[in-house]
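Fold and geometry: a report
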Amino acid sequence: NIVMVLPLPLQLLQCKPYSYALLLLLLVMSCGISLGSSQLRAADANDDKKDEKLSPTSMPKFTLANNITVPMIGLGGCSGVRYKDFKSAIDIGYQFIDTAQSHSWGYHEEEVGQAMQEAKRRYQDNKNDFVFVQTKIHPQDLGYRSTKKAIQLSLERLQVTSLDSVLIHKPRCWGDICSHEPEGTWEDSWKALEEAVDLGVVRTIGICDVDDQLLDKLLSKRIKPMVIQNWFDPFHQDYALRRRIESINAAQDKLGSVEKKILYQGYSTLGNQWKYQGYQDNPVMTSPWLQAIAKTYDVSVPEVIIQWATRRGVMVLPASRNPTHQLSNLRSYDFTLDEEEMMAIDALDGKPPQQLRKERDTNEVDIQFTNHADGPVDVFWVDRNEDHIHVGSMQKPGETLSLTSYHGHSFVFKKIDGGSLLNRHLVDKSLGSKQNHEIEDRSEEL
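Structure report, in brief. These numbers come from a predicted model, not from an experiment. (Residues numbered from 1 in each chain as written. Predicted model: local features only at pLDDT ≥ 70, side-chain atom pairs only at ≥ 80, totals over all residues. Heavy atoms only, no water.)

Observations regarding the packing of aromatic side chains
With the rule as written, the count across this model stands at 11 aromatic pairs. Measuring from ring centre to ring centre gives 5.3 Å for phenylalanine 232 and tryptophan 308, while their planes differ by 15°; the resulting arrangement is stacked. In this pair, phenylalanine 232 sits in the loop between β8 (227–231) and α8 (239–255) while tryptophan 308 sits in helix α10 (residues 301–311), placing the two residues 76 residues apart along the sequence. The burial state of phenylalanine 232 is the same as that of tryptophan 308; both residues are buried. Site record: aromatic cluster; members linked through ring pairs are Phe96, Tyr123, Phe130 and Phe132. The cationic tip of lysine 191 hangs over the ring face of tyrosine 144; the distance from NZ or CZ to the ring centre is 5.7 Å. It is lysine 261 that lies over the ring of phenylalanine 62; its NZ or CZ is 5.6 Å from the centre. (Phe/Tyr/Trp six-rings, centres within 6.5 Å; stacked < 30°, edge-to-face > 60°. Helix = DSSP H or I, 4+ residues; strand = E, 2+ residues; numbered from the N terminus. Buried < 20%, exposed > 50% of the residue type's maximum accessible area, 1.4 Å probe, protein only. Lys NZ or Arg CZ within 6 Å of the ring centre and 35° of its normal.)

So, the state of the cysteines
Covalent bonding between the sulfur atoms of two cysteines is what defines a disulfide. By the definition in use, this model includes 1 disulfide. A disulfide bridge connects cysteine 173 with cysteine 178, and the sulfur atoms are separated by 1.9 Å. Every disulfide takes its handedness from the sign of the S-S torsion; for cysteine 173 and cysteine 178 that torsion is -85°, giving left-handed. The exposure class of cysteine 173 is partly exposed, given its relative accessible area of 25%. (Disulfide = S-S within 2.5 Å.)

Notes on the pattern of salt bridges
Enumeration according to the criterion identifies 24 salt bridges in this entry. Put simply, lysine 87 and aspartate 91 hold a salt bridge, and the shortest N to O gap is 3.3 Å. Highlighted residues: lysine 87 and aspartate 91, both in helix α3 (residues 83–92), separated by 4 residues, approximately one helical turn. Residue glutamate 440 is joined to arginine 442 by a salt bridge in which the shortest nitrogen-to-oxygen separation is 3.9 Å. (Salt bridge = Lys/Arg side-chain N within 4 Å of Asp/Glu carboxyl O.)

Comments concerning the sheet that holds strand β13 (residues 388–394)
In space, the 4 strands of this open sheet follow the order β13-β12-β15-β16, with antiparallel pairing throughout. Here the strands that pair on one side only, and so sit at the sheet edges, are β13 and β16 (421–426). On average, each strand axis in the sheet is tilted by 25° relative to the strand beside it, whichever way the strands run. (Pairing = 2+ DSSP bridges. Axes fitted to C-alpha atoms, helices over the stretch in contact; angles between N-to-C directions.)

So this is what it looks like as structure tokens:
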């Protein structure tokens, strides 16, 4: 028998049939400890204002510090999302696309530009009806001059005369994420971004992976951050930083101003980051609690998460190459979560199921490929059915692509333009758990 006294509000006891099981699940996840801070946070004085009931398809929006209003749901451009996927999203009705300059992280900025140019939905095409495009500068390009060059590169790739939004992708290099040392710091880059805003070349600026100390420094800058993008999902809610941003925005609301408002964006909102924390399965997508809510409304888990996150003030950017999923993500307001369900998802913060954690596979290999061909190269993993699954690109000679693979996995390398085969690689763990391989043009041998 478990006897506990919990500060549960009455509405959690007057709940739907499945809720008692959900409460028990939350107790088990808490290892017999009161829901405590997560539960209290949902009910504290600052959260007295209940979420207003939202009519079907009524997606929330956010007005940035530059008075541009954006939707709270956008299309993420990583994970191999390509031209046809961007085109599909634009046709479906997406008004925000998040991309980046790094091909090695699965982004294809130039293909966003192609889709936008063909659709005539750029800011320069129609300022009253355009798709907002946000890009990001790789940390290896930190520095004043490097950032100036990076801005010019994005202008060319996106085929625009000005950029809607530019974020610093990471505030620093670490490990092997950078192929060379940056010439400067994020603060040098910020100065270049401020000047780009002054010149009208960039309309919105921001940065990813922000903590309290970094936010303090950002708030001292001449132009304050307009966008902050951090890891956010039901088990990792970044509560403290979000609360600070909410306080800043609330103060602006009292003044009737948007001048210093900050849009908080979440990345990996559907749980993709947990694979980097040693999880074999995505604990968000396999959560019994989230699946129970989704079943109640006959919707998907992503739809539940998207509605919950955006109603909590977080913009979401799920990547998808499936038009059906793109549409369902965009229509995550065709049902309405009640306050009990919203609070229960809040209470998942910091409680991922520990049993899903795994030890590093003995066949696992960290690989870095380096482009030694004459031009851009696409990288594909060959699955059991001999299908080629795109995992990234190396746009120019010397550019690298880092990934985790396994002994016996096979990769092929193709020219980006013509698709002709350049090289093959079979992973061999006997060569070490960390490997570097130079990819040359061996098309004549193949």
